[in-house]
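Chain and residue survey
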Amino acid sequence: MDRRRDWSVLRIGLRLIASGFLRYPRLLVISILAALVWMAVTVVNPYLQKLVVDHAIEEGQRNLLVPLVLILLLAGLMRAVSIGWRRWYAFKLAYRYEVDLRGRIFSTIQRLGFDFYDHSSAGSLMARASTDLTQVRLVYMILPITLANIITVIMVVGMAFVLDPVMGAVAALTLPVMVGFAILYARKTTGISLQVQQSLAEMSRLAQEGISGIAVTKAFGREKRESRRAQQVAEDIFSKSMGLARFRSLYLPWFELIPTLVTLGALWLGGLRVAGGDMTIGDLVAFTQYLVVLYFPIRMTGWFFAELPRCSAAGARIVELLETTPSIRAPASPAPLAPRGGEIRFDGVTFGYNGQEVLRDLDLLIPAGSNVALFGATGCGKTTLAHLIPRFYDPTAGTVSIDGTDVRQLDTMQLRREVAVAFEEPFLFSATVAENIAFGAPDAELSQIVAAARIADAHDFVQSLPEGYDTVVGERGLSLSGGQRQRVALARAIVSNPRILILDDATSAVDAITEAHIHAELIEATQERTTIVIAHRTSTLLLADRIIVLEDGKVLAFGEHQDLWDNVPRYRQLLAEASPVHR
């Protein structure tokens with residue numbers, strides 16, 4: 001079973017590699033032609049040396065010496081030029097396809113749904129775009145010369161037969177032995193090569209988490225624990241890499257030893273044949289030169305086939321990602337979105353994670369232009385319900401519609417331009433404040449950016465930054481406080497002017513006075529759009545006109561705060577558990 005899996009991995013990786021050659025045939029052909037020129041000159045060179053020895057020296061035809069030496073010089077120049085051309089076009093092919101693959105990987109990462117990232121680490125994805133790509137690129141760099149090497153071996157053996165059939169047979173014995181070792185090596189190393197690549201991906205994941213979570217690690221004094229985890233993975237990589245090295249140590253020496261043994265045998269046998277008059281000295285010189293020529297192509301070809309399993313394993317991991325089907329797919333013929341409104345309807349919606357239901361047969365109507373809060377105990381499905389609106393996930397049953405149209409029938413990009421989300425844990429890009437705010441509306445003018453920042457109560461602190469709105473906030477926006485990042489993210493949601501605005505506890509990191517100011521601004525700014533506030537603390541409820549209380553995956557109650565307080569005991573209990581609230 002494992003052997004079949006290993007061969008399957010090898011085929012998948014080779015299929016990806018072949019697609020690159022088909023994509024850039026011109027670069028491939030030129031690099032191979034240049035390699036073939038190198039091969040032709042390499043094969044002819046020993047024969048020219050034979051002519052020098054046998055005719056210009058042994059037979060005394062000194063008039064041939066200068067022309068033959070000039071031809072050898074020209075051959076050397078051609079060999080040098082062809083090497084340069086081969087490397088240039090092979091490397092150009094390798095780097096060009098690497099760019100293509102990196103672009104496809106990034107595009108795939110952008111298309112995949114939230115459910116994919118629920119089970120995939122950033123480090124693993126980074127490994128596919130770095131170490132795996134580097135391994136695949138290696139094939140493109142050395143394949144043209146490898147093809148030329150294979151042809152060189154065949155031509156050299158053929159020339160050896162022309163010089164002397166007996167000696168040619170000696171040279172030919174090298175080929176099946178070397179091919180057999182290459183195939184055996186590939187079969188032994190494909191599976192362990194895949195394991196090494198997976199372990200490298202795990203190390204990338206740990207490194208990414210270690211950098212992103214350094215503040216948490218230091219806050220809890222867990223530096224040694226994280227270092228031990230990284231060390232364990234490093235030891236695992238070492239163990240598997242040494243397993244691969246063991247196979248290489250066992251097999252690769254034969255790629256060195258066999259040509260050496262053949263050379264020694266040829267010198268012994270050739271010396272006897274020259275002494276017996278069956279070969280000329282020029283034939284023996286040419287033959288020994290051919291063996292020297294044969295040694296490099298065989299060694300490099302063996303090395304290529306030794307590396308091919310690891311490259312194929314890396315390619316298979318890339319293919320696995322590229323062939324992942326997005327769970328959220330835009331319809332072939334999207335329905336037009338109705339004129340601006342904002343009515344949201346949930347009809348019999350059921351949804352869960354990993355087989356665990358969070359929403360169960362939920363029915364809900366949120367009128368256009370209303371300002372509502374989602375409230376309930378932790379894990380009741382508030383964020384899940386909100387994430388179904390912009391199709392971050394699709395329900396397993398039922399429908400979610402906006403202004404009468406099922407969101408699954410809408411163009412996904414258009415839908416998400418109409419539904420803006422400000423997350424509780426905002427992510428800021430390593431860009432200026434203005435660029436972060438205008439991320440969802442890249443054509444926004446500075447006046448619009450400032451207006452959105454004022455609503456989010458971000459304008460004053462942005463103005464105090466060294467370069468105001470042109471200040472670069474750094475990676476993940478960590479140069480700002482948590483409350484500042486939330487306000488920039490809130491401004492980012494507002495500036496896109498969506499018909500539906502979702503605030504996922506988007507002011508949880510700001511103080512009560514700032515939150516009250518933001519609420520006042522938002523109430524005025526959200527009068528013409530539907531606003532959904534996910535509330536995890538009672539002060540946030542004050543932003544909403546009506547409150548939706550969720551319990552056990554369903555709507556327990558829907559109404560104004562005072563009515564719920566008076567008539568829904570569970571609502572009062574939830575408020576008491578959260579924090580005191582004034583009636």
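Residues numbered from 1 in each chain as written. Predicted model: local features only at pLDDT ≥ 70, side-chain atom pairs only at ≥ 80, totals over all residues. Heavy atoms only, no water.

**Concerning the overall build of the chain**
Of the regular secondary structure elements, the chain holds 21 helices and 10 strands. Within the chain, residue pairs in contact and separated by at least 24 positions form 77% of the contacts whose partners lie at least 6 positions apart. A total of about 28,300 Å² of accessible surface is found on the chain, and carbon and sulfur atoms cover 60% of it. (Helix = DSSP H or I, 4+ residues; strand = E, 2+ residues; numbered from the N terminus. Contact = heavy atoms within 4.5 Å. Areas by Shrake-Rupley, 256 points an atom, 1.4 Å probe, with all protein chains shown as cover.)

**Quick look at the sheet that holds strand β7 (residues 500-504)**
Spatially, 6 strands are ordered β6-β7-β8-β3-β9-β10 in an open sheet, and the strand pairing comes out mixed. The sheet is open, and its two edges are formed by β6 (419-422) and β10 (554-559), each paired on a single side. Taken over all neighbouring pairs, the strand axes of this sheet differ in orientation by 20 degrees on average, direction set aside. The sheet contact formed by strand β3 (residues 371-376) and strand β9 (residues 546-551) spans 5 bridges and is parallel. Pairing of leucine 374 across the sheet is with isoleucine 548, part of β9. Set on the sheet, helix α17 (residues 482-495) makes contact with β6 and β7; between it and β6 the angle comes to about 175 degrees. (Pairing = 2+ DSSP bridges. Axes fitted to C-alpha atoms, helices over the stretch in contact; angles between N-to-C directions.)

**Concerning the pattern of salt bridges**
By the definition in use, this model includes 14 salt bridges. Measuring nitrogen to oxygen at the nearest pair gives 3.0 Å for the salt bridge that ties glutamate 551 to arginine 570. Here arginine 570 lies in helix α21 (residues 569-578) and glutamate 551 lies in strand β9, a separation of 19 residues in the sequence. Each of the salt bridges in this network shares a partner with another, and the network as a whole consists of Arg23, Arg96 and Asp100. (Salt bridge = Lys/Arg side-chain N within 4 Å of Asp/Glu carboxyl O.)

**Re the packing of helix α3 (residues 65-111) against helix α6 (residues 131-163)**
α6 packs onto α3 with a crossing angle of 155 degrees between their chain directions and a minimal axis gap of 8 Å. The angle between α3 and α6 falls in the class roughly antiparallel. In the crossing of α3 with α6, the sense of the turn from one axis to the other is right-handed. Here Arg86, Ala90, Phe91, Leu93, Ala94, Tyr95, Tyr97, Glu98, Leu101, Arg102 and Ile105 of α3 lie close against α6, whose contacting residues are Leu133, Val136, Arg137, Tyr140, Met141, Pro144 and Ile145. Looking at the contact of α3 with α6, its residues break down into 14 nonpolar, no polar and 4 charged. (Parallel < 35°, antiparallel > 145°, perpendicular 65-115°, else oblique. Left-handed = near helix turned anticlockwise from the far one by under 90°. Nonpolar A, V, L, I, M, F, W, Y, C, P; charged D, E, K, R; others polar.)

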